[in-house]
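Structural characterization, general
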Amino acid sequence: MPAPAFDAIPRAQLPALLRTCPKAELHLHIEGTLEPELIFRLAERNHVPLPYPSVEALRAAYAFSDLQSFLDIYYAGAGVLRKEEDFFDLAWAYFERAAADNVVHAEVFFDPQTHTERGVPIEAVIVGLDHACRRAHAEFGLSAKLILCFLRHLSEEAAFATLEQALPYRHHFIGVGLDSGERGNPPEKFARVFAKCRGLGLHVVAHAGEEGPPAYIESALDVLQVQRIDHGVRCVEDPALVRRLAASRMPLTVCPLSNVKLRVFDTLADHNLKALLDAGLCATVNSDDPAYFGGYVVDNYLQTFAALPALTARDAWQLAANSFEASFVPDAQKQAWRARLDDVFAAAVPAAGPA
Ligand code: ADE
Ligand code: ZN
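The rules behind these values
- Residues numbered from 1 in each chain as written.
- Chains lettered and ligands numbered in written order.
- Predicted model: local features only at pLDDT ≥ 70, side-chain atom pairs only at ≥ 80, totals over all residues.
- Heavy atoms only, no water.
- Donors = N, O, S within 2.8 Å, 3.2 Å for Na, K, Ca; no water.
- Tetrahedral: all angles 85-135°; square planar, octahedral: opposite > 155°, others 65-115°.
- Helix = DSSP H or I, 4+ residues; strand = E, 2+ residues; numbered from the N terminus.
- Buried < 20%, exposed > 50% of the residue type's maximum accessible area, 1.4 Å probe, protein only.
- 1 Å grid on protein atoms, 1.4 Å probe; cavity = no way out; pocket = protein on both sides within 12 Å on 5 of 7 lines; lining within 4 Å.
- Points joined across faces, edges and corners; volume = space filled by probe spheres on them.
- Phe/Tyr/Trp six-rings, centres within 6.5 Å; stacked < 30°, edge-to-face > 60°.
- Core = buried A, V, L, I, M, F, W, Y, C linked by side-chain atoms within 4.5 Å.
- Contact = heavy atoms within 4.5 Å.
- Near = heavy atom within 4 Å.
- Polar contact = N/O pair within 3.5 Å; in protein donor to acceptor, adjacent residues only side chain to side chain.
- Areas by Shrake-Rupley, 256 points an atom, 1.4 Å probe, with all protein chains shown as cover.
- Nonpolar A, V, L, I, M, F, W, Y, C, P; charged D, E, K, R; others polar.

Looking at the zinc ion (ligand 2), one finds its protein donor set to be His27 (NE2), His29 (NE2), His207 (NE2) and Asp288 (OD), positioned 2.0 to 2.3 Å from the metal centre. Coordination at the zinc ion (ligand 2) is irregular: its 4 donor atoms span angles of 84 to 174 degrees at the metal. Counting residues between consecutive donors of the zinc ion (ligand 2) along the chain gives the motif H-x1-H-x177-H-x80-D. Of the two residues, histidine 207 is situated in strand 5 (residues 203-208) and aspartate 288 in the loop between strand 8 (282-285) and helix 14 (290-293); the sequence distance between them amounts to 81 residues. Looking at histidine 207, the relative accessible area reads 4%, which means it is buried. Aspartate 288 gets classed as buried once you look at its relative accessible area, which sits at 2%.

What follows is the structure, encoded as structure tokens:
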């Protein structure tokens with residue numbers, strides 16, 4: 001379907017449009033939605049001691065120098081999640097915020113190894129999250145699916161063991177992903193477990209080209225045969241790779257606020273989102289770990305558009321359209337959301353004056 005004529009929409013209308021338009025969120029770690037207030041509430045409920053005296057002191061510790069410095073604090077925060085109801089409460093809080101941001105579809109990452117390594121049964125993790133997904137659909141009409149991520153700093157054997165533990169709950173997740181520290185943990189480390197997952201009919205995605213080099217994006221494509229690249233912003237260092245990603249419409253789930261907090265870019269004004277769109281890539285905007293990076297998905301759109309004046313109304317529409325194109329839902333559902341999106345933008349096009 002061709003893009004409707006949105007060039008006439010004044011830039012001043014963009015914030016309202018970015019808030020109200022339907023959108024999908026495809027790169028969101030549920031453990032990364034754990035707000036400091038909920039950390040304190042769950043710590044009290046589960047009698048877990050915290051090394052911070054207050055919510056403010058904890059929030060003040062959220063100053064990161066790179067991905068690993070963030071992951072250290074993120075895995076520590078997840079230590080308050082112990083029971084099925086904790087996972088429900090965590091995900092429900094996210095879905096309330098997502099619905100307010102007009103997210104109509106979310107594909108949500110979870111890291112079972114972060115919890116099973118602490119003795120939490122995988123059943124508590126998956127059943128608690130699934131319960132929240134069902135309720136989000138019932139109450140908000142928000143379709144929510146789960147993607148199980150393997151921690152790449154752990155071994156492939158550990159990933160296989162996690163897959164075995166998760167298979168009784170196979171009907172509760174639609175795919176697998178690969179996250180955690182990228183440097184030194186290339187996609188090919190997980191070649192066999194991803195082959196097994198593909199054979200099981202699971203969707204496959206992987207973080208690549210966040211801190212890691214463009215070669216990691218290539219091996220995610222060639223070895224893991226992923227259907228989306230999470231982040232992928234370092235692809236611009238390899239023009240042939242950019243052409244390949246554009247020609248195949250391989251989605252990139254870009255997370256602008258995350259990229260600045262983790263020092264992938266110095267500032268939002270330096271972000272390459274506009275260049276990715278101009279190169280014809282299927283880029284999307286997402287929040288990654290919003291409790292840690294200062295904003296949920298609409299904050300990511302708003303702050304990025306404020307920082308990059310070259311982004312237009314057509315880009316805003318394209319990013320939301322890409323989020324549906326890149327999602328793992330049937331084509332008829334994609335088309336229905338796309339029609340709703342087009343209607344919202346069409347209503348913002350100024351009426352032509354008298355001839
Ligand atoms: N886990 C949570 N957030 C992540 C990120 N941005 N990169 C890799 N692993 C993650
Ligand atoms: Zn991520």
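Next comes the rest of the write-up.
Going through the model one piece at a time under the given rule, you end up with 1 cavity of 30 Å³ or more. What the largest cavity holds in volume is close to 100 Å³. Taken together, 16 residues line the largest cavity, and the ones lying closest to its centre are His29, Leu67, Leu71, His207 and Asp289. Counting residues per element, the ones that place at least two in the lining of the largest cavity are strand 1 (23-29) and helix 4 (67-77). If you tally residues by element for the lining of the largest cavity, the top one is helix 4, at 5 residues.

Let us look at the packing of aromatic side chains. One pass over the full model with this rule turns up 16 aromatic pairs. Seen from their ring centres, phenylalanine 6 and phenylalanine 345 are 5.2 Å apart, and the 50 degrees between their planes marks the pair as tilted. Taken together, the positions of phenylalanine 6 in the segment before helix 1 (14-20) and phenylalanine 345 in helix 17 (residues 331-348) put the pair 339 residues apart, joining distant regions of the chain. Taking the relative accessible area as the measure of exposure, phenylalanine 6 reaches 1% and is therefore buried. The exposure class of phenylalanine 345 is buried, given its relative accessible area of 0%. Measuring from centroid to centroid gives 5.3 Å for tyrosine 94 and phenylalanine 95, while their planes differ by 55 degrees, and the two rings are tilted. Phenylalanine 95 carries the same exposure label as tyrosine 94, and that label is buried. Among the aromatic residues, ring-to-ring pairing joins Tyr62, Phe64, Phe70, Tyr74, Tyr75, Tyr292 and Phe293 into one connected group.

Attention now goes to unusual backbone geometry. A positive phi angle, near 55 degrees, is found at glutamine 225, a position not held by glycine. With respect to the helices, strands and loops of the structure, glutamine 225 is situated in the loop between helix 10 (214-222) and strand 6 (228-231). By relative accessible area, glutamine 225 is classed as partly exposed at 43%.

Further remarks concern the nonpolar core. With 119 residues, the main nonpolar core has Phe95, Phe150 and Tyr292 as its most contacted residues. Residue contacts for phenylalanine 95: discarding those within four places in its chain leaves Ala106, Val108, Ala132, Cys133, Ala136, Phe140, Leu142 and Ala144. The next biggest cluster of nonpolar side chains, apart from the first, holds 5 residues, and it includes Phe109, Ile147, Cys149 and Val205.

Checked against the element boundaries, asparagine 259 lands in helix 12 (residues 256-261). Non-local contacts of asparagine 259, meaning those with residues more than four positions away in its chain, are made with His231, Val233, Val254, Val264, Phe265 and His271.

Close contacts around ligand 1 come from His29, Leu67, Phe70, Leu71, Tyr74, Asp179, Ser180, His207, Glu210, His231, Asp288 and Asp289, and that covers them all. In the model, a nitrogen atom of ligand 1 is placed 2.8 Å from a nitrogen or oxygen of the serine 180 main chain. In the model, a nitrogen atom of ligand 1 is placed 2.7 Å from a nitrogen or oxygen of the aspartate 288 side chain. Against a free-state accessible area of 260 Å², the protein chains account for coverage of 100% of ligand 1. The element contributing the most residues to the shell around ligand 1 is helix 4, with 4 residues. Its residues placed into classes, the shell around ligand 1 shows 4 nonpolar, 4 polar and 4 charged.

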